[in-house]
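Close look at the chain arrangement
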Amino acid sequence: MNKVRLSTSPDRAALAALSLGDVVYLDGTVYTAREGVYRRVVEDGEALPFDPAAVSATNFHCSPAATIDADGSTRIGAVTATASFRFSKWIGPWLDRSGATLILGKGGMSPEDYRNHFVRNGAVYLTTVGYGTGALLGRGIRRVKDVHWREKLGLAQAVWVIEVENFGPFLVESDLAGNSLFERENAKIAAGLDRVYEGTRPAVMKRFGETDDRRDEMI
């Protein structure tokens, strides 16, 4: 895997140079925006309280572990990514309106989202590398530059504008062509699953969820 340092307002050449599975660390400014923000902007038609083109091209789906001190100053010790599949119904209009070309989050989005929306907007998706990385990502936060809509949406849903340095690691989950790391690797795994189950014996206890047929696996 290649290790890449990337600006949070990258040009197209920098994005085109990314390959699926590259490890990315970010420098610049990141802003958080999740369901409450997407709903206000996409469904209600409300303008963002800042100009994203002038601030950052990077939107992080996350909740910061934020503290607001008595003097009004703010601190963030960790940032925990939230699952991005929940944003699927808004992502097309959101990319159109925000101009974001980097979306950060957990678990990726659907291949259809990448091909139908990300490609058209010249955007890529970077995923966190697993659970429990909030404190690790917190090491890359230099300061809170601004907070928007805190009174309207609360701490978790507010827009936090954060200055970062060597912020990561993230993995390149989608590229400019709409290819997906997870889709590619899942296809490889699925092709070998039948061999994993060969020779297994039927469950003896028949407890809830036990099965020797992978088609019956529960989600």
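Scroll up to find the structure.
Presented here is a report on the structure given in the accompanying data block. (Residues numbered from 1 in each chain as written. Predicted model: local features only at pLDDT ≥ 70, side-chain atom pairs only at ≥ 80, totals over all residues. Heavy atoms only, no water.)

**Examining the overall build of the protein**
- Assigned secondary structure in the protein consists of eight helices and nine strands.
- When its C-alpha atoms are laid out on the principal axes, the protein stretches across 65 × 40 × 35 Å.
- For the protein, the residues scored as buried account for 46% of the 219 residues in total.
- Long-range pairs, those at least 24 residues apart, make up 65% of the contacts in the protein with a sequence separation of at least 6.
- Summing over all exposed atoms, the protein offers an accessible surface of approximately 11,400 Å²; the carbon and sulfur share of this is 50%.
- If the 27 positive side-chain charges of the protein are averaged to one point and the 28 negative ones to another, these points end up 2 Å apart. (Helix = DSSP H or I, 4+ residues; strand = E, 2+ residues; numbered from the N terminus. Buried < 20%, exposed > 50% of the residue type's maximum accessible area, 1.4 Å probe, protein only. Contact = heavy atoms within 4.5 Å. Areas by Shrake-Rupley, 256 points an atom, 1.4 Å probe, with all protein chains shown as cover. Lys, Arg positive; Asp, Glu negative; His and termini not counted. Charge placed at Lys NZ, Arg CZ, Asp CG, Glu CD.)

**Brief notes about the side chain of N59**
- Assignment of secondary structure puts N59 in strand β3 (residues 58-60).
- Looking at N59, its side chain comes within polar contact range of the main-chain oxygen of Y31, at 3.5 Å.
- Among all residues touching N59, those that are not within four sequence positions of it are Y31, T32, A33, Y38, W94, A100, L102, I103 and L104. (Polar contact = N/O pair within 3.5 Å; in protein donor to acceptor, adjacent residues only side chain to side chain.)

**Comments concerning the packing of helix α2 (residues 35-43) against helix α4 (residues 91-98)**
- Running from amino to carboxyl end, α2 crosses α4 at an angle of 80°, the nearest separation of the two axes being 10 Å. Relative to α4, the element α2 is oriented roughly perpendicular. Mapping the contact onto sequence places V37, Y38, V41 and V42 in α2 and I91, P93, W94 and R97 in α4.
- Looking at the contact of α2 with α4 residue by residue, the class counts come to seven nonpolar, no polar and one charged. (Axes fitted to C-alpha atoms, helices over the stretch in contact; angles between N-to-C directions. Parallel < 35°, antiparallel > 145°, perpendicular 65-115°, else oblique. Nonpolar A, V, L, I, M, F, W, Y, C, P; charged D, E, K, R; others polar.)

**A few points about the pattern of salt bridges**
- Per the counting criterion, the structure on display carries 13 salt bridges.
- Across the pair D96 and R120 runs a salt bridge whose closest N-O atoms are separated by 2.8 Å. You can see D96 sitting in helix α4 and its partner R120 sitting in helix α5 (residues 111-121), a full 24 residues away along the chain.
- Residue class for D96 comes out partly exposed when judged on its relative accessible area of 44%.
- In this structure, R115 and E183 form a salt bridge, with 2.5 Å as the shortest nitrogen-oxygen distance. Here the residue R115 occupies a position in helix α5, and E183 occupies one in helix α8 (residues 181-197), the gap between them amounting to 68 residues. (Salt bridge = Lys/Arg side-chain N within 4 Å of Asp/Glu carboxyl O.)

**Focus: the environment of E165**
- Here E165 lies in strand β9 (residues 159-172).
- Residue E165 is classed as partly exposed on the basis of its relative accessible area, which comes to 39%.
- For the pair E165 and H148, spaced 17 residues apart in the sequence, the C-alpha separation amounts to 22 Å.

**Let's talk about unusual backbone geometry**
- For the peptide bond that leads from G168 to P169, omega is 10°, which places it in the cis range.
- Backbone geometry at W149 places phi at a positive 60°, although glycine is not the residue there.
- With respect to the helices and strands, W149 occurs in the loop between β8 (141-148) and α7 (150-157).
- Since its relative accessible area comes to 10%, W149 is described here as buried.

**Topic: the nonpolar core**
- With 30 residues, the main nonpolar core has L26, F60 and F167 as its most contacted residues.
- Secondary structure elements with two or more residues in this core: β1 (3-7), β2 (23-32), β4 (62-68), β5 (74-81), β6 (102-105), β7 (124-128), β8 and β9.
- Per-element tally for this core: the top contributor is β9, with six residues.
- With near-sequence residues (within four places) excluded, F167 lies in contact with V24, Y25, L26, V30, F60, V79, L104, L137, G140 and I141.
- Counting 23 residues, the second largest nonpolar core, distinct from the first, contains V42, W90, I103 and M109. (Core = buried A, V, L, I, M, F, W, Y, C linked by side-chain atoms within 4.5 Å.)

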